[in-house]
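Okay, here's what each chain looks like letter by letter:
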Amino acid sequence: MSSEEASGLVRSYLDALNASDHDAALALVSEDVAHDPFEGEREIGREKLRWHLGLAARHFDERLADIAVMSAPGGVRVAAEFTVRGTYRASAEGLPEATGQTYALPGGMFFEIDGGEITRITEQRNRTQWLAALSAGR
């Protein structure tokens, strides 16, 4: 896969996330995708990622803005940098009470591509900033 094709695959994944179309996003990842969420342990598998996306959508309404996608030569690794714009809609266990807090934080994702599918997704954002934004509405 070329760098341009890999970047396009990642853009399609991010577009699907922004459209809250989890089925479209999951169609782009391998059955045994490795997912490293910014707030937890590595999870392996498309179904675990489906569960993660669904749980996140239950508590948060997030959109990625100002997206910049960069690809390494050969299209095996791709990075995306963006601004996470979100609203905390429903209280989640272990987090402050949800009162509609909004936030805008820098974030990123790192991807590995193999056989035309996303095989690894590593999420990054500053957890301390995120928790401070969630606590601001208390």
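Data block above holds the structure.
Residues numbered from 1 in each chain as written. Predicted model: local features only at pLDDT ≥ 70, side-chain atom pairs only at ≥ 80, totals over all residues. Heavy atoms only, no water.

A. Expanded view of the environment of P106. Among the secondary structure elements, P106 is positioned in strand β5 (residues 102-114). Residues within four places of P106 in sequence aside, it is in contact with F82, R125, N126 and Q129. (Helix = DSSP H or I, 4+ residues; strand = E, 2+ residues; numbered from the N terminus. Contact = heavy atoms within 4.5 Å.)

B. Broad picture of the sheet that holds strand β1 (residues 29-36). The six strands are arranged β2-β1-β6-β5-β4-β3 in an open sheet whose pairing can be described as mixed. The sheet is open, and its two borders are formed by β2 (43-44) and β3 (60-71), each paired with just one other strand. Summarising the sheet, β1 and β2 pair through two bridges and their orientation is antiparallel. The partner of A34 across the bridge, within β2, is I44. (Pairing = 2+ DSSP bridges.)

C. Spotlight on the nonpolar core. Counting 36 residues, the largest nonpolar core has Y13, L14, F111, I118 and I121 as the members making the most contacts within it. Counting residues per element, this core draws most heavily on helix α1 (residues 3-18), which supplies seven residues. Apart from the residues lying within four places of it in its own chain, the contact partners of Y13 are A25, L28, V29, L49, M109, F111, I118 and I121. (Core = buried A, V, L, I, M, F, W, Y, C linked by side-chain atoms within 4.5 Å. Buried < 20%, exposed > 50% of the residue type's maximum accessible area, 1.4 Å probe, protein only.)

D. Highlighting the pattern of salt bridges. For the structure on display, the rule yields nine salt bridges. Put simply, E47 and R50 hold a salt bridge, and the shortest N to O gap is 3.1 Å. Residue E47 and its partner R50 are both found in helix α3 (residues 46-59); the two are separated by three residues, about one turn of the helix. Judged by its relative accessible area of 47%, E47 falls in the partly exposed class. Here the salt bridges do not stand alone but share partners, grouping D23, E47 and R50 into one network. (Salt bridge = Lys/Arg side-chain N within 4 Å of Asp/Glu carboxyl O.)

E. View of the packing of aromatic side chains. As enumerated under the stated definition, the model contains four aromatic pairs in all. Between Y13 and F111 the ring centres are 5.8 Å apart and the planes differ by 75°, which places this aromatic pair in the edge-to-face class. With Y13 in helix α1 and F111 in strand β5, this pair connects stretches of sequence that are 98 residues apart. Neither Y13 nor F111 differs from the other in exposure class; each is buried. (Phe/Tyr/Trp six-rings, centres within 6.5 Å; stacked < 30°, edge-to-face > 60°.)

F. Molecular detail of the side chain of Q101. Structurally, Q101 is set in the loop between β4 (77-88) and β5. A distance of 2.6 Å separates a polar side-chain atom of Q101 from the backbone nitrogen of T99. (Polar contact = N/O pair within 3.5 Å; in protein donor to acceptor, adjacent residues only side chain to side chain.)

Worth remembering: the numbers are spatial, not functional.
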